[in-house]
Structures are given as C-alpha cells and as structure tokens.
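# Examining the three-dimensional arrangement
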Amino acid sequence: MTAYFSFFMTSVLLALTPGPDVLLVVTIAAKEGFKKSLQLTLGLASGVVFHTSLIILGVSAAIITYPHAMKLVAAFGAVYLLYLAWLTWQHRQDAIDSSVQEISGSYYWRGVIMNISNPKVLLFFLALFPQFAQLDEPGYHWRIAILGLIFIAVTIMVFGGLAYLTAKSTQSFMQNPRFKKGMDYVTIGVFMLLAGLLLFSVF
C-alpha cells in the first residue's frame, strides 16, 4: 500500500506539471467547453490501458530497442496532429455547422490515438512503472495493472479538474466571436507545436 500511495502522489505531481497533454486539455476546454475537454481527457486516460498492457506483455521493452519502430510511431502521431490542425483550420469560422459538431464529438478517440501514438508516453511508462511494481516479486503483472488503474484515476481527476476550471473561467468569453476565432488559431498552433515536439523527441 505504501508503494501504491507513493505512486499516486507521484502521478498527481506529474499530471500537474505543465506539458503537452495539459496544454491541449486546457486549450480544448477554453475553445469547446468542459464536455469536449472531458471527452479528450477520457480518451487520454483510455490510452493508459494500451500502454499498461504493453508493459505487462513485455512489448514496450521490445519496441524501444528498435529506433525505427519509435520513429514510425512518432511520425504517425505527428501526421495525425497535423491532420487535426487542418480540420480546425477548415472549420474555424463555422462553429454551428453539423459537420463541425460531428468532428468535435470525436474528441474521445482523438485522445486515445494521441496517447497511444506518443513514444514519449511509452518511454515514460517503461521508466516509471517498474520502480513501483517490484518486478523481482511474484504477481508483478497484477501490480502493474493496479498502477495503470491508479494512473487512469489520477489523469481523469487532475485533467478533468483543470478542464472544468478552464471552461468555467472562459465561459463568458465564448460569447464573443472574436475570442472564439482566436481560440481556433490557438488550437491550430497547439496541434502544430505538439506535432513538432513529437518529431523532435525521436528524430
């Protein structure tokens, strides 16, 4: 229990540390509101299941030994982020159109894809989890699974809280068309920045 509590506190501190995920969650909350940002958060949290499974199966350790595999994952993630930037650009002035509503409704899957296609998350999990899972003791697979559930809970709690506070504080500004248009450009910039950081991390 001491190890689980230590992992919980470590995860909270890491979640509160400013980074790409926090930046994107806050940006979407300011632009689209709490509901869409929560969908993104749930998608990011769901990606934790994927990475936790890879660690349990030993796939993560195998992937990082092949630099080309890491680059391929990063390239896919960067291309997807640039695609999202292009979608935002295409629909930046038509927030009422039904097609925009359909695109916005996919924020959950955006979060899932962004999480599983980020090689930095893969390395992060591989570096963090073994420190708390006691790999030299029997049953470490179950301990890794529990750590994954804890990290999911922390992700939803922290990112969801940030999304709620951001959405509430910008709610009145969203009535201003200029603010909404400006947030479109901010969102495009964030997607492009994240794509660049993702490529820079492995190339």
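Use the structure listed above.
Values in this document were obtained by computation on a predicted structure and should not be read as measured data.

### Let's talk about the overall build of the chain
A tally of regular secondary structure across the chain gives 10 helices and 0 strands. Tracing the chain from N to C terminus, the helices and strands come up as α-α-α-α-α-α-α-α-α-α. For the chain, the proportion of its 203 residues judged to be buried stands at 42%. Of all intrachain contacts in the chain linking residues separated by at least 6 positions in sequence, the fraction that spans at least 24 positions is 82%.

### Observations regarding helix α1 (residues 2-16)
The end-to-end C-alpha distance of α1 is 21 Å, a good match for the 21 Å that 15 residues give at a rise of 1.5 Å each. Among all positions of α1, only Tyr4, Phe7, Ser11, Val12 and Ala15 are buried. Down the axis, α1 shows its buried residues gathered within 140° of arc, on one side only. The outward face of α1, more than 90 degrees from its buried face, is lined by the exposed residues Thr2, Phe5 and Leu13. Tucked into the core, α1 has its buried residues touching α2 (20-32), α8 (119-133) and α9 (140-170).

### A few points about a nonpolar patch on the surface
Judged by side-chain polarity, Phe5, Phe8, Met9 and Met157 come together as a nonpolar surface patch covering roughly 390 Å² of accessible area. In terms of residues, the nonpolar patch owes the most to one element, α1, which gives 3 residues. Residue placement: methionine 9 occurs in helix α1.

### Remarks on the packing of helix α3 (residues 34-57) against helix α7 (residues 107-116)
Two numbers describe how α3 lies on α7: the axes approach to 6 Å, and their chain directions differ by 35°. Regarding α3 and α7, the two cross each other, and that crossing is right-handed. Residues Lys36, Gln39, Leu40, Leu42, Gly43, Leu44, Ser46, Gly47, Val48, Phe50 and His51 of α3 form the contact with α7, whose participating residues are Tyr107, Tyr108, Arg110, Gly111, Val112, Asn115 and Ile116.

### Observations concerning the nonpolar core
Across soluble globular proteins, nonpolar side chains show a tendency to be buried alongside one another. In this structure, Phe7, Leu24 and Phe129 are the most contacted members of the largest nonpolar core, which totals 44 residues. Residue assignment for this core shows that the elements contributing at least two residues are α1, α2, α3, α5 (67-90), α7, α8, α9 and α10 (177-202). Once residues lying within four places of it in the same chain are set aside, the contact partners of phenylalanine 7 are Leu128, Phe129, Phe132, Leu147, Ile150 and Phe151.

### Focus on the packing of aromatic side chains
For the structure on display, the rule yields 9 aromatic pairs. Aromatic side chains phenylalanine 7 and phenylalanine 151 sit 6.4 Å apart centroid to centroid with 50° between the ring planes, which places their arrangement in the tilted category. Residue phenylalanine 7 is found in helix α1, and its partner phenylalanine 151 is found in helix α9; the two are separated by 144 residues along the sequence. Both residues of the pair, phenylalanine 7 and phenylalanine 151, count as buried. Linked through ring pairs, Phe7, Phe124, Phe125, Phe132 and Phe151 together constitute an aromatic cluster.

### Some points on the pattern of salt bridges
According to the stated counting rule, one finds 1 salt bridge in the structure shown. Across the pair lysine 31 and glutamate 32 runs a salt bridge, and its minimum N-O distance is 2.6 Å. Under the relative-accessibility criterion, lysine 31 is labelled buried at 13%.

### Brief notes about the environment of tryptophan 89
Relative to the elements of secondary structure, tryptophan 89 occurs in helix α5. With relative accessibility at 38%, the residue tryptophan 89 sits in the partly exposed group. Each C-alpha atom of the pair tryptophan 89 and threonine 187 lies 9.2 Å from the other, and the pair is 98 residues apart in sequence. Beyond its immediate stretch of four places on either side in the chain, tryptophan 89 contacts Tyr185 and Ile188.

### Observations concerning the environment of serine 46
Mapped onto the secondary structure, serine 46 falls in helix α3. For serine 46 and isoleucine 156, which are 110 residues apart along the polypeptide, the C-alpha to C-alpha distance reads 9.8 Å. Setting aside its immediate chain neighbours within four residues, serine 46 contacts Tyr108 and Val112.

So, how was this worked out
Residues numbered from 1 in each chain as written. Predicted model: local features only at pLDDT ≥ 70, side-chain atom pairs only at ≥ 80, totals over all residues. Heavy atoms only, no water. Helix = DSSP H or I, 4+ residues; strand = E, 2+ residues; numbered from the N terminus. Buried < 20%, exposed > 50% of the residue type's maximum accessible area, 1.4 Å probe, protein only. Contact = heavy atoms within 4.5 Å. Expected span 1.5 Å × (residues − 1). Arc of directions from axis to C-beta. Patch = residues over 30% accessible without salt bridge, like charges linked within 9 Å, V, L, I, M, F, W, Y side chains within 5 Å. Areas by Shrake-Rupley, 256 points an atom, 1.4 Å probe, with all protein chains shown as cover. Salt bridge = Lys/Arg side-chain N within 4 Å of Asp/Glu carboxyl O. Axes fitted to C-alpha atoms, helices over the stretch in contact; angles between N-to-C directions. Left-handed = near helix turned anticlockwise from the far one by under 90°. Core = buried A, V, L, I, M, F, W, Y, C linked by side-chain atoms within 4.5 Å. Phe/Tyr/Trp six-rings, centres within 6.5 Å; stacked < 30°, edge-to-face > 60°.

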